[in-house]
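# Residue-level structural notes
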Amino acid sequence: MSKLQVKLNNIYQFVDASDVLSLKNKVNDCQKLIEGKTGKGSDFLGWVTLPAEITDDQLKSIEKVANELRSKSEFVVVVGIGGSYLGAKAVIEALGNSFSMLDNGGTKVLFAGNSICEDYHAELLKLLDKHTYSIVVISKSGTTTEPAIAFRLLKQHLEGKVGKTEAASRIVAITDQSKGALRKLADTEGYRTFVIPDDVGGRYSVLTPVGLLPIAIAGFDIRQLVEGARQAMTDTSVGVPFEQNPACQYAAARNVLYAKGKKVEIMVNYTPKLHYITEWWKQLYGESEGKENKGIFPAGVDFTTDLHSMGQYIQEGERFIFETVVSVEKPSHTLNIPNDPENLDQLNFLTGKRLSEVNHMAELGTIVAHNDGGVPCIQISIPELSAFWIGYLLYFFERACAISGYLLDVNPFDQPGVEAYKKNMFALLGKPGFEDEGKALRKRLGI
Ligand SMILES: O=P(O)(O)OC[C@H]1O[C@H](O)[C@H](O)[C@@H](O)[C@@H]1O
């Protein structure tokens, strides 16, 4: 039967199966906190039942706007950062053709406002000079600096190009129901809007319009994505026993490893298509767990690419790491290695084999090598890279993250630490009201 599997046998050289099992009651308590909405940050548990609550009408209205923007735009620029960017980027990269940017057909989704890089944004505007485009601007708070700056640039550019009225019909805002500067702006300018529910935090928002609209614009099946998440919701719910519950297994295993001094979790993939799933996961786990001087540090590598760069460290460096290998059982294409009569590279023993077989043996060989080098490996597999299984995977990670956060006894739904850099940046830039801080900072920095 097709399912997401969590395999723990390659951590048992380092921890006992009984250590993982001993967390069963605690994990079940965390599950009750999640479903009963009685734990820390319980105002932000809207994502738990979100997949089941999305209505056909909501999906239809997302699809309608997506189709309309597609019909009149060569590009749609999605403006957002963090949770207002990574989910859509992750799904689009996972499901898309690796070279879709180079073909001529269909609307391409571009991203902006996920950095303050002057060159990136200047180059983007230059590209957009020559093409038709629309904008989806996403910010839950409606006040985040990076997307706000990018949106200023893009709004002016689009208005200059097509006029204010047409620009307003090509801009869609996704933000809070009533709060924030973006909500105000959208109401003033008459943009179409979608709402991010109050009880869904940014990093848990991929299955709201935040993720669904850009994913639909990119041409993927959001109904299948939601369907997969629904299945994951059922399979990870409080009623599913610990032993059969993949989210409970994963959460328990990583916390047992953490308690044994494995403080860094490296997410490993064997397809570059999953690179941004790792980036999305890094935000989800990093912001949810990294607080009160606690939390596993989430890192990521793409194999076999990074076996030729980070492989050395993982094999023989500091022993404070464990890996979580995410694999896809069935590739979407078939490609066999050709015979070469010269055989100069001496690889004719691979003739006729599929690339996926070589990749799989690289994966199995690496797990054993890393185990031998002192690195435990959790293994997670999904049957294929499809909208259904990506939806499943996303919900699975969200659920396991909430359980993990509660196991650590932190609030998995806030991110107070993110404010520190923002305050300093504003003070250095001379924001009114920050004069004293600015002075002190300039002195400290010697500028
Ligand atoms: O959606 P926004 O309110 O613009 O927030 C975008 C991101 O930036 C913040 O600083 C938070 O750390 C993230 O959790 C959030 O996803």
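Residues numbered from 1 in each chain as written. Predicted model: local features only at pLDDT ≥ 70, side-chain atom pairs only at ≥ 80, totals over all residues. Heavy atoms only, no water.

### Points about the pairing of strand β2 (residues 75-79)
The element β2 is extensively covered by neighbouring structure, given that five of its five residues are classed as buried. With burial as the criterion, each face of β2 is covered, one bearing F75, V77 and V79 and the other bearing V76 and V78. Note that β2 and strand β3 (residues 108-112) share five bridges and pair parallel. Counted as the bridge partner of V78 is F111 from β3. A crossover links β2 with its parallel partner β3, the connecting element being helix α5 (residues 86-95), and its sense is right-handed. Examined bridge by bridge, β2 and strand β4 (residues 133-139) share five bridges and lie parallel to one another. Across the sheet, the residue bridging to F75 is Y133, located in β4. (Buried < 20%, exposed > 50% of the residue type's maximum accessible area, 1.4 Å probe, protein only. Helix = DSSP H or I, 4+ residues; strand = E, 2+ residues; numbered from the N terminus. Pairing = 2+ DSSP bridges. Right-handed = clockwise from strand over helix to strand, strands pointing away.)

### Thoughts on the environment of E363
Looking at the element boundaries, E363 is found in helix α15 (residues 355-372). With a relative accessible area of 6%, E363 lands in the buried category. Considering only alpha carbons, one finds E363 and V268, 95 residues apart in sequence, at a separation of 9.7 Å. Setting aside its immediate chain neighbours within four residues, E363 contacts Y270, V325 and S327. (Contact = heavy atoms within 4.5 Å.)

### Some thoughts on unusual backbone geometry
Negative phi values dominate among residues other than glycine, just as trans dominates among peptide bonds. For the bond from F303 to T304, the omega torsion is 5°, close enough to zero to count as cis. Relative to the assigned elements, T304 resides in the loop between β8 (297-302) and α14 (311-316). Here N293, not a glycine, exhibits a phi torsion of approximately 60°, which is positive. Relative to the helices and strands, N293 resides in the loop between α13 (275-289) and β8. One non-glycine residue, D409, lies in positive phi territory at about 65°. The topology assignment puts D409 in the loop between α16 (387-407) and α17 (419-428).

### Here's the deal with the sheet that holds strand β10 (residues 377-384)
If you walk across this open sheet you meet the five strands as β1-β10-β9-β7-β8, and the pairing is mixed. Because the sheet does not close on itself, it has two edges, and the strands there are β1 (5-7) and β8. Adjacent strand axes in the sheet meet at a mean angle of 20° when their direction is disregarded. In this structure, strand β9 (residues 321-330) lies alongside β10, joined through seven bridges in parallel fashion. Looking across to β10, one finds that T324 is bridged to I378. Against the sheet, α16 contacts β1, β7 (264-269), β9 and β10, and its axis sits at roughly 150° relative to β10. (Axes fitted to C-alpha atoms, helices over the stretch in contact; angles between N-to-C directions.)

### Re the pattern of salt bridges
Overall, the coordinates contain 29 salt bridges when judged by the stated rule. For K179, the salt bridge is made with D176, and the minimal N-O distance between the two is 3.6 Å. Relative accessible area serves as the criterion here: at 51%, K179 is assigned to the exposed category. A relative accessible area of 4% means that D176 is categorised as buried. In this structure, the salt-bridge partner of K291 is D414, at a minimum N-O distance of 2.8 Å. With K291 in the loop between α13 and β8 and D414 in the loop between α16 and α17, this residue pair connects regions lying 123 residues apart in the sequence. Classification of K291 as buried rests on a relative accessible area of 10%. (Salt bridge = Lys/Arg side-chain N within 4 Å of Asp/Glu carboxyl O.)

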